[in-house]
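Residue-level structural notes
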Amino acid sequence: MFINIYIYVCVRVCVCVYIYIYIYIYTHVYNQSNRIRTMVKNEPEKSSDRPDNTAFTQQRLPAWQPILSAGIVIPGFVLIGLAFIGVGVALFITSRDIQVLELDYTGVESSNPCSKCTDPNVRKCICTIVFSLDTLFKGPVFMYYGLTNYFQNQRRYGVSRDDNQLYGDLDYFKSPGSDCAPFDYDSNDRPIVPCGALANSMFNGIYANTDCHAGSHANDSILLKETKPLPSWDYLDNQSKSHSFISVQDLSSGVLQLHEVIEGNYPVVSFNGRKKVVLSNVSWMGGKNDFLGIAYLVVGSLCIVMSIVMLIVYAKFKFPEDD
Amino acid sequence: MTWRSPLALMRDALQGQRARERELRNLVSNLPYEGLEKAKQPNRFFPSNAIKTTKYSLLFFLPMNLYEQFHRMANLYFVGLAILNFIPVVNAFQPEVGLIPICVIMCLTALKDAWEDFRRYQSDRKINSLPCLIYSRREKRYVERRWKDVQVGDFVKVLCNEIIPADLLLLYSSDPNGVCHIETANLDGETNLKQRTVVSGICPLNPGFEPESFNAVVVCEKPNINLNHFKCFVEKPDKDKVGASIESLLLRGCTMRNTNHAVGFVVYAGHETKSMLNNNGSRYKRSKLERKLNIDVFFCLILLLTMCLIGAFGHYLWLKSLPDVPPFLVPDSNGHLDDPSLTSFYMFFTMIILLQILIPISLYVSIELVKVGQIFFITNDMDLYDEETDSRVQCRALNITEDLGQIEYVFSDKTGTLTENKMVFRRCSIMGTEYSHRENAIRLAVLDEPESEEEVIFNQHQQLPRTRWSLEAEGISSIDTHRHGSRHRSKVAANAQSDVAFSSPLETEVIPDQKLLEQISRAESGSGRRDGSRGMDPHLDFFLALAICNTVVVSLATDHRQRVCTSAPSSQTNNPLEAFSNLVKKAGTLFQRKSNRNRTLSEIPVTDSSKTDSRADSNGLQTHSLHPQSAALTAALEDLCYEAESPDEAALVYAAKAYGFILMARTPGSVTVRLPSGEELVFEVLETLTFDSNRKRMSVLVRNPITKEYVLYTKGADYAIMELLGTPYAENISSIQKSIAADTQHHLDCYAKEGLRTLCITKKVVSENEYQRWLGERKRARAAIESREELIMQTSVQLETNLTLLGATGIEDRLQENVPDSIMALREAGIHVWVLTGDKPETAVNIGYACRLLEEEDLVINMSCTNKLACTSILDCTLEEVRRYGEDPRNVDTAPNTSLVIDGNTLAMAMSPDLQGRFVDLAKRCRSVLCCRVTPLQKSGVVKLVREKLKVMTLAVGDGANDVNMIQAADVGIGISGQEGMQAVMASDFAISRFKHLKKLLLVHGHWCYTRLANMIIYFFYKNVAYVNLLFWYQFFCGFSATAMIDYWLMIFFNLFFTSTPPIMFGIFDKDVSAEVLQGVPELYRTGQGKGDYNYLTFWISILDAFYQSLVCFFIPYWAYQGSDVDIFTFGTPLNTTALFTILLHLAIEIKSWTVVHWIIMVGSVLLYFVVTLAYSALCVTCNPPSNPYWILQSQMADPMFYLICTLTTVVALLPRYTFHVLKNSVAPSPLLQGRQLDRMDGSTRDQWIKEWRGFRGGMSVKRYELSDPPSPTLETPADYFPESLTDADLTGDDLSLNVITRNHQRDVPT
């Protein structure tokens, strides 16, 4: 409520400032255009109509007038180019050092040990994936759930929740907001908490690490609370960040056994999705992403090339003012 | 009020409607009905005098304003979308959110409208409550009431200097002659007094007027807009009808002058008065840019629909591609999903709502704001301010500022527009003998010198070295002092009394020609000898005609003061007093100046001995021969003040005065003329046949008090007079009459070649019988109410036959300052300049050369033919010739300048439907066209023809009522508030006071306004497309489900606040090239002509750029965040931020000059974005469910990735545009860029450059119309009068020439 009022006030203040400026300028113009219209000369002492001779009204404010030309921009291009190449190299190296291991357990392929779990008739399915690491994973190593093609950002799905309820407002526990429909009341007309389509689709894979140096760790079902911007994403379990990483120690090799409870068997076939477990360590720039580094390198080089082009252009088409 | 049945009310309303619609109205006095209820009032159907110019009322403001606003398609569109958002199946946002933008915009507009209306309301209230005197029967006297209480049928008494509250039929005037004077300055700006006479025979003059005794019926026509015509008659109880015309109508809004009091009968009140009918407020014109803009908005609409279709279709495909029902498809309340095709149909509309801002909602409001700002700067320009009249440029049409930058054709009036319209008598020809008035010419030539000396004297204390300059000024005085002189003189004039034309004696004085003076004294003594036939000498007759044949009102200078101070009316609080004190002050300064001048003359006789001597000589002579009377009388004569409707008349009267024929007084029935002998003759004026543009002449029929003859004096245009010449002047000279006509014609031609305005003066003696017969017809014509005008004109024509030629006069109308320079600049700017004038071809051609419309090296085509066949063949030949001339390889470099001179008759033929194509083709190839002897209707016809056939932007500039048609026909109409009243100004879009202002108005303000607005509009389109496309690209990754990755509020803020001010600032303040360079290099103006900056190419390029930038802005963050675990708004925030930076920096590339304002607004916008977004994401937890932007930006700003992504994206997005600009500027710099480079140079280098630039196209130094001694009318080519003496060598040399002064002056102004 407070926020609404605040925003309202903000808008009003801005509008008022606008109107004030408008009116101020308009008064001058209005007076001008109306001078003829006025039927009665009621101010004979009207002082001279001479305009104000100020730099502002005469449009003579001191101004900086840059002219973009080849000669001027060369240093700029070189600087940007060098800076970008530097940043690009740093990013690229950082990204290269991040190690990622993806374990797909969708089970679409029959060779996958989890293929037996794709059968919807199987109530409880436990499959085991064995993996091995060639190199040492520097700690901390995080485990992510990966899900592809899951359009959580579908508009109706994304908005089908009640923030007030999630915020803890008890009133909304009793009467969930209309956004949640049709997942607001159950068949017995009891309110659903948390309500909405988002809460309805609970990702409920349970993983257990059976053979690992770091010991085992089980995880609860998670609520897909946050809307993901893109249909394919990794999910770092935020709720339990402290124990979501597998180990603070280096991870060299091991076998990860995955158990899946069949009641919560998360169906991904309906949207051609894939389920993954991702093991990765992170850097200051987050997870592994080569794109940014490469982009910086490319753009930086482009700038250098451009500066050379500019140099040629400059040599060919000198400005008269330059000589 | 008593209750009346609705039926009666309706009957009454119908009756009232009928009464108002009737052609003739019968009005009776209200007095017998005073105090009765409204239903009994005879004049109850006619509106009262209360006026209401407001559009809205308090109660109905909201609905009416909304109705008004919804006339705009754009508003309807946005409201429609907002409503669409309320439909659950298609909504994209929360319903209320969609309403915000349109509400803000409409509130803004409504507030503006309300405020405007409130101003109108206030002014209405003020006017309505002005006091006035209405006769009351109950109190038997005039009681003070308010203006709004005045009813049709009332008797209103108006005191001196009061403003007339309604249109009154003048019944009584305190003046014994039954006249009163009104000043119509409020109405049409004409400051001369107009005489009104009481309706004769209605009321007894002597005992004073008794309203109660008035029992006649006033029959008048339906109210109409024509200020100069009024038809009415008064039917007395005995059925006798007395006609009354505009001569007896006091118009609302005029000021009563010179008369103690007058009583009038209200015929029209309130909105039916002529002044209110004429007052139709500011005009709405749609500019060319705006028309084009609408097409582009339409393109955007198509783009939008395409995008929405893609969205809908994509959604369909996406749904189809799903193998099963995934958990993220939300079913409806019944638990089942809609058909994909239906869902995608809904999706189409949802997409429209989501992407609606592709149509720039704030564009229209922004354009309005920008135009207001532009007008502010135009009206505040010091260079467009005229000291003399204390007037700035006025922008009457508020929305066509940018059209000023695209003009291709300028149509100009001549008299009063190019010239001063201040007439100076130069020479005359009497009975075939030419009197060249050489002394007078010399006086005029040196007229300015005393002032310049005076100025030197004034400045001597501070600036001693300048005396030397004044000593040397001898040889060059006529050139270099012109500027100072005219300026100074105008100051004097303005000081003396700016209201009255010709208050400065310097301009009105005429030094008589020696020869003519002798001739007159001979004639006088001769006539004295032959008693009784005094009027017979043609020389005397000639001057009598000059003194009599006019409508000049004589007032004593003392009268003015009296007029102001006699009665300080209660209505106008202490205004008159102040006016009086002002006047006294002014008079004081004038006196001081005069004495100064005298002192100057006496102090430095050495400097200017010859001229001073000649002055003294001529003055002495004048006094000696003409005014032998006492000095006191001479002084009294000096006080005579002539107020003429046209400056020509005043010039002639002053000329007559110089020869001793002094017009002493004029009443409706008589003219008093003082002869050189000192005798005062009172001529009885029997009839005045006023001037009209069909007859082109005016006549006065008087009775000579000595000979008792009826004499008709006629003056008019030579071609109108020459064909009316009849019987010879007198029997004894009959043989030479023909040769007189021939000689006079020859002189007239010579005058015309000199550029003088010519008038012929004739006389006719009418016999008693003839007069009586004619009088009868005249009376009949007057009483007629149908086609009275034609009848009266017919009778006039009947009398004006068989005229005897007395002589002709040549009056000079000087060019306004800087006219040649301005016309030259306009021509260099690629503007075709046409001058349309009513003058003779010779006069016009001469002026054409003088004002550099025509050049000596030009190929001037003269077209004048009598029949259509000839016209066709000439047109064909000329066209062929011009084509050949244009294609001739020898002329390619020298840019063939072809000019066309065409006269009115030929023009009429050339404009006929079958020839107009060829004519326009010819005109298109001519750089300048001069049309002579054209009628006002032809003027507008030409403008319309060119405008429609060539599809070009036209501008018409004029100062008089005859230019109104033309001004209204053109795309841009400019009125010059000059000597001829305000009618042109009232019809115009812009009003300037001097022609030279046109140069800066077009070349500088026009260019600026156009480029600013064009760039702003292009930018606006770009901005919206770029931003909306971000949302569009995201649709490919959310199953085309119309999800936005940016918080709705931030999205709205983005358009409404973060990025709206910079383009408006850009549209108001950006300055691509400085005013000095734009004026120095008029070529730069061409960038706006034709297609200009804002064309399809630039539009689509910017749209493509927008697509590119949005792709970059979307996909770089996309790839950077791909596969990571960020949430939707964390992804959207860098997108929004980069979009902001890209959009603002894009503008920064476009901004040509950065002032403080630019920096503040650009930096302010970025700061505003961060402050608002940070505050919003800090405070908004659940304020805008279901989106939750809580702490997003904060956490993003703590992440280095955010900055890396933003930097990279912005650089990549702007790199192409930046590079393009750089390369284009380096490889193929545009003229504008070269102009900007000139700006960076220091003053002298720049001038050198400009000179070189202009000189490159061949001697463009400004030639001047020189006030040389008028050569005797022998055959000299007009070119010789205007020597091209000023070459570049002269400019840089030691000689002081005008060009140097002009340059210095120009440089002084802007620095």
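Nothing here was measured: the structure is a model prediction, and the numbers come from that model. Within each chain, residues carry numbers counting from 1 in the order of the written sequence. In the order they appear in the text, chains get letters beginning with A and ligands get numbers beginning with 1. Given that the model is predicted, a residue must reach a pLDDT of at least 70 before its local features are reported, and side-chain atom pairs must reach 80 or more before they are shown or counted; all residues, however, enter totals for whole chains, interfaces and linings. In computing side-chain properties, one takes all heavy atoms of the structure into account and sets aside hydrogens as well as water.

Focus on the overall build of chain B
The condition that has to hold: Numbering of helices and strands runs from the N terminus; a helix is a DSSP stretch of H or I covering at least four residues, while a strand is a stretch of E covering at least two. Categorising residues by exposure relies on relative accessible area from a 1.4 Å probe, with only protein chains included: less than 20% of the type maximum marks a residue as buried, more than 50% marks it as exposed, and the intermediate range marks it as partly exposed. For every accessible area listed, the method is Shrake-Rupley and the probe measures 1.4 Å; residues are considered covered only by the protein chains on display.
The secondary structure content of chain B amounts to 45 helices and 33 strands. For chain B, the proportion of its 1311 residues judged to be buried stands at 60%. Put simply, chain B shows about 51000 Å² of open surface, and 58% of that area lies on carbon and sulfur atoms.

A closer look at the UniProt feature "active site" (unreviewed entry) in chain B
All names here are of chain B. Test applied: UniProt positions are given in the numbering used here, feature names are shortened, and annotations may be inferred rather than shown by experiment. Here, two residues are considered to be in contact whenever any of their heavy atoms come within 4.5 Å of each other. As used in this structure description, the phrase polar contact means that two N or O atoms lie within 3.5 Å; if the pair is within protein, one of them must be able to donate a hydrogen and the other to accept it, and residues adjacent in sequence are counted only when both atoms belong to side chains.
Within this structure's numbering, the places UniProt gives as "active site" (unreviewed entry) are Asp413. Discounting chain neighbours no more than four positions away, the residues touching aspartate 413 are Leu418, Leu836, Lys939, Val957, Gly958, Asp959, Asp963 and Met966. One polar contact links aspartate 413 to threonine 417, side chain to side chain, over a distance of 3.1 Å.

Side note on the domain arrangement of chain B
Residue and element names in this part refer to chain B. As a reminder of what qualifies: As annotated, the domain borders come from an automatic or database domain assignment. Two parts placed together each lose some accessible area; with a 1.4 Å probe, that loss summed over both constitutes the buried area. For salt bridges, the criterion is a side-chain nitrogen of Lys or Arg within 4 Å of an Asp or Glu carboxyl oxygen. Here the term charged refers only to Asp, Glu, Lys and Arg, the term nonpolar to Ala, Val, Leu, Ile, Met, Phe, Trp, Tyr, Cys and Pro, and the term polar to all other amino acids, Gly among them.
In terms of domains, chain B is made up of domain 1 (50-149), domain 2 (152-277) and domain 3 (419-811). Computed from C-alpha coordinates alone, the two centres of domain 1 and domain 2 are separated by 36 Å. Every contact between the two is made by 14 residues of domain 1 and, on the other side, 17 residues of domain 2. Roughly 1300 Å² of surface becomes buried between domain 1 and domain 2 when both sides are summed, with 62% attributable to carbon and sulfur atoms. The interface formed by domain 1 and domain 2 holds one salt bridge in total. For glutamate 212, the salt bridge is made with lysine 140, and the minimal N-O distance between the two is 3.2 Å. The element contributing the most residues to the side of domain 1 that touches domain 2 is strand 2 (residues 131-136), with four residues. Split by residue class, the side of domain 1 that touches domain 2 holds nine nonpolar, one polar and four charged.

Remarks on the UniProt feature "transmembrane region" (unreviewed entry) in chain A
All names here are of chain A. Per the UniProt record, "transmembrane region" (unreviewed entry) is found at residues 5-25, 67-93 and 294-315. Counted over residues 67-93, helix gives 89% and strand 0%. Its end C-alpha atoms are 39 Å apart. As annotated, residues 294-315 comprises 100% helix and 0% strand, and the C-alpha atoms at either end are separated by 32 Å.

Quick notes on the sheet that holds strand 21 (residues 670-674) of chain B
Residues and elements named next belong to chain B. The condition that has to hold: Strand pairing is assigned whenever DSSP detects at least two bridges linking the two strands. Note on method: axes are straight lines fitted to C-alpha atoms, helices fitted across the in-contact stretch only, with angles between N-to-C directions ranging 0 to 180 degrees.
Overall, antiparallel pairing links the nine strands, which are arranged 17-16-26-25-24-23-22-21-20 in an open sheet. At either margin of the open sheet sits one strand with a lone partner, and together these are strand 17 (433-435) and strand 20 (662-667). Averaged over neighbouring strand pairs, the angle between their axes works out to 30° when direction is ignored. Pairing between strand 21 and strand 22 (residues 680-692): five bridges, direction antiparallel. Note on strand 22: the bridge partner recorded for threonine 672 is valine 682. Here helix 20 (residues 647-658) sits on the sheet in contact with strand 16 (419-430), strand 20, strand 23 (697-703), strand 24 (710-716), strand 25 (756-766) and strand 26 (804-815), set at roughly 45° to strand 16.

Some points on the pattern of salt bridges
All names here are of chain B. If you walk through the whole model with that rule in mind, you get 45 salt bridges over all chains. When the shortest N-O distance is used, the salt bridge between aspartate 381 and lysine 1000 registers 2.8 Å. Within this pair, whereas aspartate 381 is found in the loop between helix 9 (361-379) and strand 14 (394-395), its partner lysine 1000 is found in helix 33 (residues 997-1035), the two being separated by 619 residues in sequence. Judged by its relative accessible area of 4%, aspartate 381 is buried.

Considerations on the nonpolar core
Residue and element names in this part refer to chain B. Filter applied, for reference: Within this scheme, the nonpolar core is defined by two criteria: the residues are buried Ala, Val, Leu, Ile, Met, Phe, Trp, Tyr or Cys, and they are joined through side-chain atoms within 4.5 Å.
Ranked by internal contacts, the top residues of the largest apolar core, which has 150 residues, are Ile1017, Phe1021, Met1045 and Phe1114. Here the element with the most residues in this core is helix 33; it accounts for 19 residues. Excluding anything up to four places from it in sequence, methionine 1045 contacts Leu1030, Leu1031, Tyr1034, Phe1114, Ile1128, Phe1129, Phe1131, Gly1132 and Leu1135. Within the second largest apolar cluster, 72 residues are counted, among which are Phe425, Leu681, Met698 and Ala741.

So, the side chain of B:Arg697
Residue and element names in this part refer to chain B. For arginine 697, the location among the structural elements is in strand 23. The exposure class assigned to arginine 697 is buried, which follows from its relative accessible area of 7%. Here arginine 695 takes part through its backbone oxygen, which lies 3.2 Å from a polar atom of the side chain of arginine 697. Setting aside residues no more than four positions away along its own chain, arginine 697 makes contact with Thr690, Phe691, Asp692, Thr714, Lys715, Gly716, Ala720, Ile721, Leu724, Val797 and Glu800.

Focus on the state of the cysteines
Definition in use: A pair of sulfur atoms, both from cysteines and within 2.5 Å, is called a disulfide here.
The full count for this structure, using the stated rule, is one disulfide over all chains. Here A:Cys180 engages in a disulfide with A:Cys195; their sulfurs sit 1.8 Å apart. With A:Cys180 in the loop between helix 5 (170-174) and helix 6 (196-200) and A:Cys195 in the loop between helix 5 and helix 6, the pair connects residues that are 15 residues apart, well separated along the chain. Given a relative accessible area of 0%, A:Cys180 falls into the buried group. Counting only cysteine sulfurs, B:Cys871 is the nearest neighbor of B:Cys865, a cysteine outside any disulfide, at a range of 3.9 Å.

Describing the UniProt feature "binding site: Mg(2+)" (unreviewed entry) in chain B
Residue and element names in this part refer to chain B. Here, the residues flagged by UniProt with the feature "binding site: Mg(2+)" (unreviewed entry) are Asp413, Thr415, Asp959 and Asp963. Across 551 residues in sequence, these annotated residues keep their C-alpha atoms within 10.5 Å of one another, forming a single compact spot. Structurally, aspartate 959 can be placed in the loop between strand 31 (954-958) and helix 31 (964-969). With respect to the helices, strands and loops of the structure, aspartate 963 is situated in the loop between strand 31 and helix 31. Residue classification places aspartate 963 among the buried positions, given a relative accessible area of 0%. Within the structure, the side chain of aspartate 963 is placed 2.9 Å from the backbone nitrogen of aspartate 959, a separation counted as a polar contact.

Details of the packing of aromatic side chains
Under the convention used in this document: Side-chain rings of Phe, Tyr and Trp, where Trp is taken by its six-membered ring, are said to pair if the distance between their centres is within 6.5 Å; with planes under 30 degrees apart they count as stacked, over 60 as edge-to-face, and otherwise as tilted.
Following the criterion strictly, the structure yields 69 aromatic pairs over all chains and no others. Aromatic pair A:Phe291 and B:Trp1119: ring centres 5.4 Å apart, planes at 50°, arrangement tilted. Placement of the pair is A:Phe291 in helix 8 (residues 291-316) and B:Trp1119 in helix 37 (residues 1096-1121), with the two residues belonging to separate chains. A relative accessible area of 38% means that B:Trp1119 is categorised as partly exposed. Through a chain of ring-to-ring contacts, the aromatic side chains of A:Phe291, B:Tyr1034, B:Phe1037, B:Phe1114, B:Phe1115, B:Tyr1118, B:Trp1119, B:Tyr1121 and B:Phe1131 assemble into a single cluster.

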